[in-house]
Amino acid sequence: MKDQVILPRRMYLIVEEVAKTRKASADDIAKALGKRKEDIMRDLAELETKELIKTRHISKFIIKLSRDGMNYLVSGLPEEKFVKALKKLGGTAELKNIMDEVGLSRNEFSAVLGRLRKLGLISVSKGIVALNEGNYDAVISFKKAVQEIKENLHRISKGIYLHQLPEWINELKRRGMIEVEVRKEVIIEATPKLIRKLKEGKIKEAKVITKITPEVIASGGWENAVIKEFDLTIDVPFKKPKRIHPYIQFLSYVREVLTGLGFKEVKGPHIELALWNFDLLFVPQYHPSRRETDVFYLKNDLGVKEDKQLIQKVKEIHESVLKYGWRPEEALKYVLRTHTTPVSLRTINKLGDGEYRAFSLDRVFRPDTPDQTHLMEFHQLEGIIVGKKITFSSLLGFFKEFAERLDLGEVRFRPAYFPFTEPSVEGYIRHPRLGWIEVFPGGMFRKEVLRPLGLSEEYRVAAWGIGIDRIAMMVLGLDDIRDLYTNNLELIEALPVPKGLMK
Amino acid sequence: MPVIEVSIQDLERLARSSLSNKELLSALELMKIEIEEIDTSRLVYEVSHDRADLFSAEGLGRAIAHLVGSREPKKFNVMDSGTYVDVSSAPAYRPYCLVGIVRDLSLDYEAIRQLTQLQEKLHLSYGRNRELVSIGFYDLRKVRPPIKYLAVDEAEYVPLGYGRPMKLSEVLESTEKGRLFSRLVRKGNYPLLEDSRGEILSFPPVLNGESTKVTEDTKDVLIDVTGTEPYLMMKLLNVMVTSFAERSSNPLIQTLSIISDGVGNQPFAKAPQLDGKIISVTSEEIKALGGVSLHPSSMSKILQSLGYVVEEMDKDSVRVWVPPYRIDVHDRVDVVEDVLIGYGYNRLKADITNPTHAGWRHPIEIFSDVVRNIMLGLGFTEVVNFMMVDADLIRFLTDEEFIEVANPKMKTYSAVRNSLIPSLLLTAKANYERGTSIEAFEVGDIIRVSKNEPISERHLGAVLMGENYTLTDGLVTVKTLINLLGEKAVWESAVRKPFIEGRTALVKVRGVQIGMVGEVHPRFLSELGVLKPTIIAEVSLEELKNAVISS
């Protein structure tokens, strides 16, 4: 058993063919197997390492008559034509006259002229050519040479190939009568080992395994078998993926960016008193953003527990700066928060003076009718940078840094207005279809906002509240904001992971 | 934010300059204006709420004139009119009335249209649609001052736009404005504005009179502001008179005294008040906030182009007069902002310093991600639903209290979910038609009401829908999850909507109830149109986290 040779089907067929012919070209073998030569080259290499065949690489020259060669064979060689024409002109003639008579190209003519002179069959002097018919040696060798060339041309016209190029071929090639094409060839020969093994019946065709089973693995059967090749041109189906929601994946990435920039995540209640949602933010009670068309108020009659001192401080600020009758009952109404800025306020209120950064990334609510670009509920990325040296430039710098990390491109800034910040800014990025879109609203919290929260004068706060959904749509390549909040498994399974999250 | 429409030709007339599109666009950017529509004759723009002075062509034209330098900012020519408004008999529920005069105007159709637009936009943006402040203006030549603002039980006049006299009560019933604003006045105690002859100028805040209306022939106007917020009213009167003044080549503004005979608590003795504020800003402040060093002379130049009058300048500060129509300027920081805007936000350094502390995610988010990964490993796909759902759906599915919105825009979103069950059933419904089964989960916030207090809480919900699912599949999921977190789940049978009695399990960890698993009752499934067995598991991640951490 040990000296058996097990070959896959194709190799087995090759050695059979080689053994039959003893010596053949790779082309012929491939043809016999109904394959292309390149299909069997790997097999041949393997068979050679097993010493069952020997390969030799040789060149083969295919010789063919050129167009000129074909003409000469039919209507005579140029030198024959020349001699014939000279004879016709009486044995001597001016070069010009012969040229007119003989009808050769300028090149042919001068080549022939040189050749015949060298042979001594003609002599040329002062533009006159004379035939030396008396020079018998010359006449004989001329005839012999012509005869030989014509015979060779005749031979070649039937199609020949050679393994080397003899001088006479080179001569014809030089005279442009033939074309030589080189072909590389692999010659396969059977080794004595192959012949012997075949004779002893020790070369066998391998079994084919289509599926690996525990039995195949355990039995060792795979050793003498060939595992069937898969046809990769046949398409396979998709698998329904189990996955994290793409929007959640995006939000998670945003969290990673913020924590990377030194922000601590904070959270606050979804249901806020108007006090926190508006009044503490220096939004006057007559401001249109507090209208029922812009805020969800509650039907529930919930209990209110609020710091009386804080209420008093807010009242004083509104009445002394904005000068209108501030009503506590307006401030003590519950709302579904319209932004997460109250979360920032609560953070400042809790942490007080210090150098810190905080963010929150949660839902806010506004009475809108859902459509492709609007929702009554969406995510806001809220943040603050608190410190003695924090400036408006820190805020602009944050926007640029954030845009860079989310791969959003260039950021442009424009003045903006929010009741609770001064200066205020709106950052714009370029949307591939919509042009410049506003995505980064922010500013420095006013002292009217910070004073009731108990932050000392020397601390400043850069703040922003980004509607992150618009950016999410851009990054995820969605045109409909409702698709971010989707429970449609088909859509979730189909959305590709955004490139921006993989850079 | 208010949307304003102006005529380009009128704007150029007011700005005393012809404007290329490019000039106009860069000027508007500095004024927090966003263009909605523009063509050769018309500009529609959205302006931020704080810039009341830009709610019409008058103020916008003036601002552009200062910016392009066709006019220098200057203070107003104000004189006393020698006359007054008597508010001693004003209605107690709308006790204030301020009146001013602007003379030597030339008005045309477009001017009147603009000033009416201004009046309306101020009502909407500041006056809470006339509740707090109501503005009117009249042809002074048709009025005999002094003016009286008083309460009457009934009166008769020809309202603006109606060809016949009407009683006040009739105005409230049968005119469009009357029906709109009748809630702002009290029956038998109607506010009225009349002149010394008893001619009725207006029934504020409802409708002016026909006899004193402003036309293209009007040369001098009288402007009144009535309402409940005197300081706000003064600001808006200032904006009105200074805007009217833009319609004159040599405007004269006149004040009227306010006579109250000691009745009520009148904070002002006369109106309007156009003295303006004086505010100083230093180079140091600019540097500290904007990170840019500006010499006071550069600051002066910027502030002048934005309409401020430079009073004084020294080596490190500028003192400016703030025009009274800039009601958005409260103190120095507002002037600092204008300097930075004038300098150009895009020229400022944008530079976030290195963090002083490490950042980290909120613990519940870290825990949520741990749970998400386990659920993914258990073969579930994550879905996201809205927190807002139909109040009737919650009511149908549970007896627990929940948050309901008083002013929903749509019934579909009229409440906040108090559990993930409604969201998971909506998920089942949305995917019902598809394939043989779904295994999905959501990690999201809910708001429950406990002891009359709203509590936001992070929950995990899982839904299995398909022909072969039973309660076991839900229990297996929760058991494996809790096992992987190093704890043990204990079941306790219970009766809860919307689950089948006998196929509902409360989930307890260390004796604390953290959630529930159940097979949804066919009654609910058939009502929702989900005709396949549906298993739901819900766990409070806050409770689960506490249980895991405390051990």
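This structure is a prediction, so every number in the text was calculated from the model and none was measured.

## Examining the overall build of chain B
So, point 1. Across its full length, chain B carries 16 helices and 28 strands.
So, point 2. A compact globule built from 551 residues would reach a C-alpha radius of gyration of about 24 Å, whereas chain B, at 33 Å, exceeds it by more than 25%.
So, point 3. Projected onto its principal axes, the C-alpha positions of chain B cover 90 × 65 × 50 Å.
So, point 4. Counting every position in chain B, which comprises 551 residues, the buried fraction comes to 57%.
So, point 5. Per element, the accessible surface of chain B, about 22400 Å² overall, is 49% carbon and sulfur.

## Quick notes on the sheet that holds strand β19 (residues 381–382) of chain B
All names here are of chain B.
So, point 1. Strand order in the open sheet formed by seven strands is β19-β23-β24-β28-β27-β26-β25, and the pairing between neighbours is mixed. Each of the sheet's edge strands pairs with one partner strand only, and the pair in question is β19 and β25 (490–493).
So, point 2. Relative to strand β24 (residues 453–466), strand β23 (residues 437–450) runs antiparallel, the two being bridged by 14 bridges. Following the sheet pairing, E442 is matched in β24 by G461.

## A few points about the side chain of B:R94
Residues and elements named next belong to chain B.
So, point 1. By the secondary structure assignment, R94 is in the loop between β4 (78–86) and β5 (96–103).
So, point 2. It turns out R94 is buried and unbridged, and the closest side chain with the opposite charge, E131, is 7.4 Å from it.
So, point 3. There is a polar contact of 3.0 Å between the side chain of R94 and the backbone oxygen of R130.
So, point 4. Among residues more than four places away in sequence, those in contact with R94 are R130, E131, V133, S134, Y149, L184, P191, P205, T226, G227 and T228.

## Brief notes about the side chain of B:D328
Residues and elements named next belong to chain B.
So, point 1. Locating D328 in the fold gives a position in the loop between β18 (317–322) and α10 (332–343).
So, point 2. For D328, a relative accessible area of 10% translates into the label buried.
So, point 3. For D328, the side chain forms a polar contact with the side chain of R326, separated by 2.9 Å.
So, point 4. Ignoring sequence-local partners within four residues, the contact set of D328 consists of D50, R51 and D334.

## Looking at a nonpolar patch on the surface
So, point 1. Judged by side-chain polarity, A:I212, A:I217, A:W222 and A:I227 come together as a nonpolar surface patch covering roughly 410 Å² of accessible area.
So, point 2. Residue A:I212 is classed as partly exposed on the basis of its relative accessible area of 41%.

## Description of unusual backbone geometry
Residue and element names in this part refer to chain B.
So, point 1. Residue P205 follows P204 across a cis peptide bond; omega there is 0°.
So, point 2. The omega angle of the peptide bond from A271 to P272 is -10°, so this bond is cis rather than trans.
So, point 3. Mapped onto the secondary structure, P272 falls in the loop between β15 (270–271) and β16 (277–282).
So, point 4. Positive phi, close to 65°, is recorded for N452, a residue that is not glycine.
So, point 5. Mapped onto the elements, N452 comes out in the loop between β23 and β24.

## What about empty space enclosed by the protein?
So, point 1. What the rule picks out here adds up to five cavities of 30 Å³ or more.
So, point 2. By volume, the largest cavity is sized at about 250 Å³.
So, point 3. Residue lining of the largest cavity: 24 residues in total, with A:Y417, B:D50, B:I327, B:D328 and B:H330 positioned closest to the centre.
So, point 4. Among the elements of the structure, β18 (421–431) of chain A together with α7 (230–245) and α10 of chain B are those that each provide at least two residues to the lining of the largest cavity.
So, point 5. Per element, the largest residue contribution to the lining of the largest cavity is three residues, and it comes from α10(B).
So, point 6. Here the lining of the largest cavity is composed, by residue class, of eleven nonpolar, four polar and nine charged.
So, point 7. Considered as a void within the structure, the second largest cavity measures approximately 190 Å³ in volume.
So, point 8. Listing elements by their share of the lining of the second largest cavity, those giving two or more residues are α12 (246–260) and β15 (356–365) of chain A together with α11 (363–377) and β23 of chain B.
So, point 9. Residue composition of the lining of the second largest cavity, grouped by class: seven nonpolar, three polar and nine charged.

What counts, and at which threshold
Residues numbered from 1 in each chain as written. Chains lettered and ligands numbered in written order. Predicted model: local features only at pLDDT ≥ 70, side-chain atom pairs only at ≥ 80, totals over all residues. Heavy atoms only, no water. Helix = DSSP H or I, 4+ residues; strand = E, 2+ residues; numbered from the N terminus. Rg over C-alpha atoms; globule rule 2.2 N^0.38 Å. Buried < 20%, exposed > 50% of the residue type's maximum accessible area, 1.4 Å probe, protein only. Areas by Shrake-Rupley, 256 points an atom, 1.4 Å probe, with all protein chains shown as cover. Pairing = 2+ DSSP bridges. Lys, Arg positive; Asp, Glu negative; His and termini not counted. Salt bridge = Lys/Arg side-chain N within 4 Å of Asp/Glu carboxyl O. Polar contact = N/O pair within 3.5 Å; in protein donor to acceptor, adjacent residues only side chain to side chain. Contact = heavy atoms within 4.5 Å. Patch = residues over 30% accessible without salt bridge, like charges linked within 9 Å, V, L, I, M, F, W, Y side chains within 5 Å. 1 Å grid on protein atoms, 1.4 Å probe; cavity = no way out; pocket = protein on both sides within 12 Å on 5 of 7 lines; lining within 4 Å. Points joined across faces, edges and corners; volume = space filled by probe spheres on them. Nonpolar A, V, L, I, M, F, W, Y, C, P; charged D, E, K, R; others polar.

In short, the description is geometric, and any link to function would need to be established separately.
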